[in-house]
Amino acid sequence: MLSRLFNISSICCSSAEMDSQRDTFKSLLEREACYSTKFLICGPQSCGKTSLMFELALSFADEGKHVIFVSPRKPERLPLKVSARTTPTNQTLKLIQMVYIEDREEFLKYMATIHTTQKLAHIILVDGIDQFYGEVSSRNQEMAVIAKVLAFTVDAFLFQMKKL
């Protein structure tokens, strides 16, 4: 999957470095193939996190996997497209359920309702998870809110994995 995201063969480095990078990508792919790994992608605003996550959603959907993509708002523009990507088919796009949630309570409620939904998801992607932390009055409260948001997200993911 990552080979579609990154053109590994065009990286300028020695043969040994190239083999090492391929081994790293291969081990990452093997872990992703078992769908038991959780990732947290962090970075400054406008560094490409949404584009990377959308490309991951498309890659999983290309493989026939159902994807839930949660975002705090509809994107103003389409995420950047990887140069090797062709226009996704309607069948691919139908496998991606876009969910727009604006606040923490709505997010937590949605993650809790994943237990009652009949729809199966192979992967759950949450874009801008920090948007769901909201305003908090103290450092301790902030840590509790972050823990709660992440716990609900991981719990929803693990529940879906058990259904597979």
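Conventions we followed
Residues numbered from 1 in each chain as written. Predicted model: local features only at pLDDT ≥ 70, side-chain atom pairs only at ≥ 80, totals over all residues. Heavy atoms only, no water. Helix = DSSP H or I, 4+ residues; strand = E, 2+ residues; numbered from the N terminus. Buried < 20%, exposed > 50% of the residue type's maximum accessible area, 1.4 Å probe, protein only. Contact = heavy atoms within 4.5 Å. Areas by Shrake-Rupley, 256 points an atom, 1.4 Å probe, with all protein chains shown as cover. Expected span 1.5 Å × (residues − 1). Axes fitted to C-alpha atoms, helices over the stretch in contact; angles between N-to-C directions. Parallel < 35°, antiparallel > 145°, perpendicular 65-115°, else oblique. Left-handed = near helix turned anticlockwise from the far one by under 90°. Phe/Tyr/Trp six-rings, centres within 6.5 Å; stacked < 30°, edge-to-face > 60°. Pairing = 2+ DSSP bridges. Core = buried A, V, L, I, M, F, W, Y, C linked by side-chain atoms within 4.5 Å.

Trainee: Looking at this structure, how should I read the overall build of the protein?
Mentor: Each helix and strand counted, the protein has six helices and three strands in total. Helices (α) and strands (β) of the protein occur, in sequence order from the N terminus, as α-α-α-β-α-β-α-β-α. Taken across its 164 residues, the protein has 34% of its residues classed as buried. Within the protein, contacts between residues at least 6 apart in sequence are counted, and of these 76% link residues at least 24 apart. Accessible surface, the protein as shown: approximately 10,500 Å² in total, 54% of it carbon and sulfur.

Trainee: Can you walk me through helix α3 (residues 49–62) in this structure?
Mentor: Each α-helix winds once per 3.6 residues, and so residues spaced three or four apart point in a common direction. Helix length check: α3 (14 residues) gives 20 Å between terminal C-alpha atoms against 20 Å at 1.5 Å per residue, within 8%. Counting buried positions over the 14 residues of α3 gives ten, a clear majority of the element. Two residues or fewer past α3, Gly64 is found with a positive phi of approximately 85°.

Trainee: Would you mind showing me how to read the packing of helix α5 (residues 104–113) against helix α6 (residues 139–163) here?
Mentor: The description of two packed helices rests on the angle between their axes and on the distance between the axes. Interaxial distance between α5 and α6 falls to 8 Å at its minimum, and their mutual angle equals 25°. By the angle between their directions, the pair α5 and α6 is classed as roughly parallel. α5 and α6 meet at a crossing whose hand is left-handed. Across from Arg104, Phe107, Leu108, Met111 and Ala112 in α5, the residues of α6 making contact are Val145, Lys148, Val149, Phe152, Thr153 and Ala156.

Trainee: Hey, could you run me through the packing of aromatic side chains in this one?
Mentor: Geometry of an aromatic ring pair is reported as the spacing of the ring centres plus the angle between the planes. Inspection of the entire model under this criterion finds two aromatic pairs. Between Phe107 and Phe132 the ring centres are 4.3 Å apart and the planes differ by 10°, which places this aromatic pair in the stacked class. With Phe107 in helix α5 and Phe132 in the loop between β3 (123–126) and α6, this residue pair connects regions lying 25 residues apart in the sequence. Of the residues examined, Phe107 reaches a relative accessible area of 0% and is grouped as buried.

Trainee: Could you clarify how one ought to interpret the environment of Gln45 in this entry?
Mentor: Mapped onto the secondary structure, Gln45 falls in the loop between α2 (15–33) and α3. Judged by relative accessible area, Gln45 falls into the exposed class, the value being 76%. Linking Gln45 and Gly128, residues 83 residues apart in sequence, is a C-alpha distance of 9.8 Å.

Trainee: Just checking my understanding: could you explain the pairing of strand β1 (residues 67–71) for this structure?
Mentor: Regular strands place side chains that alternate from one sheet face to the opposite one. Counting buried positions over the five residues of β1 gives five, a clear majority of the element. Burial along β1 is two-sided: Val67, Phe69 and Ser71 and Ile68 and Val70, pointing in opposite directions, are all buried. Here β1 runs beside strand β2 (residues 96–100); their pairing, made up of five bridges, is parallel. Within the sheet, the bridge partner assigned to Ile68 lies in β2 and is Gln97. As defined by bridge partners, β1 adjoins β3 across four bridges and the pair is classed as parallel. Looking at the pairing, Val67 lines up with Ile123 of β3.

Trainee: Explain the nonpolar core to me, please; I cannot follow it from the model alone.
Mentor: What tends to happen in soluble globular proteins is that the nonpolar side chains get buried as a cluster. Of all hydrophobic cores here, the largest spans 21 residues; its most connected members are Val70, Phe107 and Met111. At the level of secondary structure, the elements contributing two or more residues to this core comprise β1, α5, β3 and α6. The biggest single contributor to this core is α6, with six residues. Those residues within four positions of Phe107 in sequence are excluded, and the remaining contacts are Val70, Ile101, Val126, Ile129, Phe132, Val149 and Thr153.

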